[in-house]
Amino acid sequence: MNEMAALPRLSQHAYSDAAKRALSRRPALFINNEWVSSSHDKTVPVMDPSSGREVTRIVDASDADVDRAVAAARTAFDDGRWSNLPPLAREGMMHRLADLIAAHAEEFAELEAIDNGKPKGMAAAVDVPGAVGMMHYMAGWASKLGGEMIEPSSVPRGMFHSYVRREPVGVAAQIVPWNFPLLMAVLKISPALAAGCTLVLKPAEQTSLTALRLADLVAEAGFPAGVINVITGLGETAGDRLVKHPDVDKVAFTGSTEVGKIINRNATDTLKRVTLELGGKSPVVVLPDVDVEAAAPGAAGAIFFNSGQVCIAGSRLYAHRSIFDKLIEGVAGAASFWAPRASLDPEGHMGPLVSAEQFDRVMGYIEAGKRDGASVAVGGDAPASEGGYYVNPTVLVDVKPGMSVVEEEIFGPVVVAQRFDDLDEVAREANNSCYGLGAGIWTRDVGAMHKLAAKIKAGTVWGNCHAVIDPALPFGGFKQSGLGREQARQGVEMYTELKSVIIQL
């Protein structure tokens, strides 16, 4: 395809009236169930990654704005207006909010596409229903959490009555990333609400539109004032103030490992409870017995979905030597399916990267890989466009340990492919990383699947699939991929404290 033919698919389509209304809102913060102005006039531009153009602006929250939001959450927690409600009442409000998201699914999908760059069809199929399902699932835990009665072990039976209470931790500061803005926001707020916490949510400054639209629905769903507060702004200002705030009891962050370490250090001063879901460099291991025609599209989807901007992206591909060439040929062939298009193009499967900064980062890694001796099997460049941050799906071969493209998280549609000969060797290579978030294994041999799954140090291991996430299963990472777990019962319990009560009879 020549460059002129490539341009139409990379031209953004017209916005709907609903999207235009959302983009025309004045920059404001959602505090105490009200839209309030900032204490200063600083704002942050919102760019459409498909065109590279500014489409609106959001508040860059001041310290005073952050303090006001935390104070609202603090008051709402301390007076019990949320935590003291009957669990079924809290559960019902969460279900109503989930239903309201579903009722506005088309608008949420379009706003996500405009803001993040992902195809609207992907947002409609993955992000929005995923958010709805997550909140419905977590709502059920509101009425099912509880403590237990335990007999003391050191005294005769009947002398003491002892039990363990499970109580909400308090005010949660929740900072979410730009790759799945709505889904990550709901994934954060849902367990906090189910546990009885109040919260302040700060979406990524690059992608705040769906979080702001979500806030519109909070009061409609019946939530008391101050339970859910949404502020926008830069991470180094609003985010930093939020993490360090003395009235915040718990910090939950999803993002890069580098920023996660900073947050963890800052939270230490007041020993805040911390959950961190951080970076990854997930291996995908393909054994020699596979159907290559089935495994190749799977390996391609593991890295090219969401433009590779996924913490669990299968960015290190290990294929057995006997099938390596055929598999790489298949992955390269699948790249055409993922050719980038504008986010509102109904034919698109992969959109642009989220920002000019991310575009420069990814292209910088590709160039570094070439300089270090990697060969490009497919891609390795950016398509011609009228604007926007597009990168073609890229497969790098002839790579070796020590290269930056092999060891560091690129967070783009770039996979590095390597050969292996046996299970012990590939297990060592898969674990040769500071990360341990996810891993994929493709094989027909169930025994080999289980053996390799046990050897690989990762929070989630997929077999003959990749990036299958379910609310009922805990999610998190080993090593520098994070602390704690999200989703499932464990994710709700991360928003609780245990209290032992011992009464002499």
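Residues numbered from 1 in each chain as written. Predicted model: local features only at pLDDT ≥ 70, side-chain atom pairs only at ≥ 80, totals over all residues. Heavy atoms only, no water.

- By the naming in an unreviewed UniProt entry, the protein chain is Aldehyde dehydrogenase family protein, taken from Sphingomonas canadensis.
- Per UniProt, the protein chain carries the Sequence similarities (unreviewed entry) text "Belongs to the aldehyde dehydrogenase family." (UniProt positions renumbered as here; feature names shortened; annotations may be inferred.)

1. Re the overall build of the protein chain
Moving on, step 1. Helix and strand content of the protein chain: 18 helices and 22 strands.
Moving on, step 2. Its C-alpha atoms give the protein chain a radius of gyration of 24 Å, within 12% of the compact-globule value 23 Å for 505 residues.
Moving on, step 3. In terms of overall dimensions, the protein chain has C-alpha extents of about 75 × 60 × 40 Å along its principal axes.
Moving on, step 4. A buried classification covers 56% of the 505 residues belonging to the protein chain. (Helix = DSSP H or I, 4+ residues; strand = E, 2+ residues; numbered from the N terminus. Rg over C-alpha atoms; globule rule 2.2 N^0.38 Å. Buried < 20%, exposed > 50% of the residue type's maximum accessible area, 1.4 Å probe, protein only.)

2. Structural notes on the sheet that holds strand 14 (residues 375-378)
What links the strands of a sheet is backbone hydrogen bonding, and the strands pair in either a parallel or an antiparallel sense.
Moving on, step 1. Strand order in this open sheet of seven strands is 14-15-16-13-12-18-19, and the pairing throughout is mixed. Strands with a single pairing partner mark the edges of an open sheet, and in this sheet they are strand 14 and strand 19 (460-463). Ignoring strand direction, the axes of neighbouring strands in this sheet form an average angle of 25 degrees.
Moving on, step 2. Here strand 14 pairs with strand 15 (residues 394-397) via three bridges, running antiparallel. When the sheet's bridge partners are listed, Ser 375 is paired in strand 15 with Val 397.
Moving on, step 3. Taken strand by strand, helix 16 (residues 423-431) contacts strand 12 (283-286), strand 13 (316-320) and strand 16 (414-420), and its axis lies near 175 degrees from that of strand 13. (Pairing = 2+ DSSP bridges. Axes fitted to C-alpha atoms, helices over the stretch in contact; angles between N-to-C directions. Contact = heavy atoms within 4.5 Å.)

3. Concerning the confidence of the model for the protein chain
Moving on, step 1. Of all residues in the protein chain, 98% attain a pLDDT of 70 or more, and the chain-wide mean is 96.
Moving on, step 2. For the stretch residues 1-6, pLDDT sits under 50, and the model shows four contacts to residues farther than four places along the chain or on other chains. (pLDDT = per-residue confidence, 0-100.)

4. Examining the UniProt feature "active site" (unreviewed entry) in the protein chain
Moving on, step 1. When the UniProt feature table is mapped onto this chain, "active site" (unreviewed entry) is found at Glu 277.
Moving on, step 2. Its location among the elements puts Glu 277 in strand 11 (residues 273-277).
Moving on, step 3. Note on Glu 277: relative accessible area 3%, which makes it buried.
Moving on, step 4. The contacts of Glu 277, once residues within four sequence positions are left out, are Phe 253, Thr 254, Gly 255, Cys 311, Leu 437, Phe 475, Ser 481 and Glu 486.

5. A look at the UniProt feature "domain: Aldehyde dehydrogenase" (unreviewed entry) in the protein chain
Moving on, step 1. Residues annotated by UniProt as "domain: Aldehyde dehydrogenase" (unreviewed entry) correspond here to residues 35-501.
Moving on, step 2. In this annotation, residues 35-501 is assigned 40% helix and 20% strand; the end-to-end C-alpha distance for the span is 42 Å.

6. Things to note about the packing of aromatic side chains
Moving on, step 1. According to the stated counting rule, one finds five aromatic pairs in the structure shown.
Moving on, step 2. On the basis of an interplanar angle of 35 degrees and a centroid distance of 5.2 Å, the ring pair of Trp 82 and Phe 223 is categorised as tilted. With Trp 82 in the loop between helix 3 (63-78) and helix 4 (87-103) and Phe 223 in the loop between helix 9 (218-221) and strand 9 (228-230), the pair connects residues that are 141 residues apart, well separated along the chain. Judged on exposure class, the residue Trp 82 and its partner Phe 223 are both buried.
Moving on, step 3. Seen from the ring of Trp 35, Arg 25 lies directly overhead, with NZ or CZ sitting 4.7 Å from the centre. (Phe/Tyr/Trp six-rings, centres within 6.5 Å; stacked < 30°, edge-to-face > 60°. Lys NZ or Arg CZ within 6 Å of the ring centre and 35° of its normal.)

7. A look at the nonpolar core
Across soluble globular proteins, you tend to see nonpolar side chains buried next to one another.
Moving on, step 1. Membership of the largest hydrophobic core comes to 98 residues, with the highest contact counts inside it found for Phe 223 and Leu 317.
Moving on, step 2. Setting aside chain neighbours within four positions, we find Leu 317 in contact with Val 284, Val 286, Ala 299, Leu 327, Ile 328, Val 331, Val 415, Val 416, Ala 417 and Gln 418. (Core = buried A, V, L, I, M, F, W, Y, C linked by side-chain atoms within 4.5 Å.)

8. Some thoughts on the pattern of salt bridges
Moving on, step 1. In this structure the tally under the stated criterion is 26 salt bridges.
Moving on, step 2. Here Arg 81 ties to Asp 79 by a salt bridge, and the two come within 2.6 Å at their closest N and O atoms.
Moving on, step 3. Given the relative accessible area of 27%, Arg 81 is considered partly exposed.
Moving on, step 4. A residue is classified by how much of its surface remains accessible, and Asp 79, at 41% relative accessible area, is partly exposed.
Moving on, step 5. The residue Glu 106 makes a salt bridge to Lys 120 at a minimum N-O spacing of 2.5 Å. Here Glu 106 is found in helix 5 (residues 105-116), whereas its partner Lys 120 is found in helix 6 (residues 120-141), with 14 residues between them in sequence.
Moving on, step 6. Here Glu 106 falls in the exposed class, since its relative accessible area comes to 54%.
Moving on, step 7. Look at the salt bridges and you will find they share partners, linking Arg 25, Glu 107, Arg 213 and Asp 216 into a network. (Salt bridge = Lys/Arg side-chain N within 4 Å of Asp/Glu carboxyl O.)

9. Let's talk about the layout of surface pockets
Moving on, step 1. Considering only enclosed or pocket space, the largest pocket measures out at about 1100 Å³ in volume.
Moving on, step 2. Around the largest pocket sit 43 residues that line it, and Trp 178, Phe 253, Gly 255, Ser 256 and Val 259 are the ones nearest its centre.
Moving on, step 3. Broken down by secondary-structure element, the contributors of at least two residues to the lining of the largest pocket are helix 10 (235-244), strand 10 (250-254), helix 11 (257-268) and helix 14 (356-371).
Moving on, step 4. Among the residues forming the lining of the largest pocket, the class breakdown is 18 nonpolar, 13 polar and 12 charged.
Moving on, step 5. Volume-wise, the second largest pocket comes out at about 640 Å³. (1 Å grid on protein atoms, 1.4 Å probe; cavity = no way out; pocket = protein on both sides within 12 Å on 5 of 7 lines; lining within 4 Å. Points joined across faces, edges and corners; volume = space filled by probe spheres on them. Nonpolar A, V, L, I, M, F, W, Y, C, P; charged D, E, K, R; others polar.)

10. Remarks on the environment of Val 176
Moving on, step 1. Its place among the elements puts Val 176 in the loop between strand 7 (171-175) and helix 7 (181-195).
Moving on, step 2. Between the C-alpha atom of Val 176 and that of Ala 252, which follows or precedes it by 76 residues, the distance is 8.2 Å.
Moving on, step 3. What Val 176 contacts, discounting residues up to four positions off in sequence, is Met 184, Ala 185, Lys 188, Leu 201, Lys 202, Pro 203, Ala 204 and Thr 254.

11. What to know about the sheet that holds strand 22 (residues 496-504)
Moving on, step 1. One open sheet holds the three strands; their spatial order is 5-6-22, and the pairing between them is antiparallel. In this open sheet, the two strands that pair with only one neighbour each are strand 5 (148-149) and strand 22.
Moving on, step 2. As judged from the two bridges shared by strand 5 and strand 6 (residues 160-168), these two strands associate in the antiparallel manner. When the sheet's bridge partners are listed, Met 149 is paired in strand 6 with Tyr 163.

12. Looking at empty space enclosed by the protein
Moving on, step 1. Taken as a whole and assessed by the stated rule, the structure comprises six cavities of 30 Å³ or more.
Moving on, step 2. Taken together, 13 residues line the largest cavity, and the ones lying closest to its centre are Gly 308, Ala 313, Ser 315, Glu 409 and Phe 411.
Moving on, step 3. Looking at side-chain class alone, the lining of the largest cavity contains seven nonpolar, four polar and two charged residues.

13. Structural notes on unusual backbone geometry
Moving on, step 1. Of note, the phi angle at Asn 32 is positive, near 55 degrees, even though the residue is not glycine.
Moving on, step 2. Its identity as a non-glycine residue notwithstanding, Gln 487 has a phi of 70 degrees, on the positive side.
Moving on, step 3. Looking at where Gln 487 falls in the secondary structure, it is placed in the loop between strand 21 (482-483) and helix 18 (488-493).

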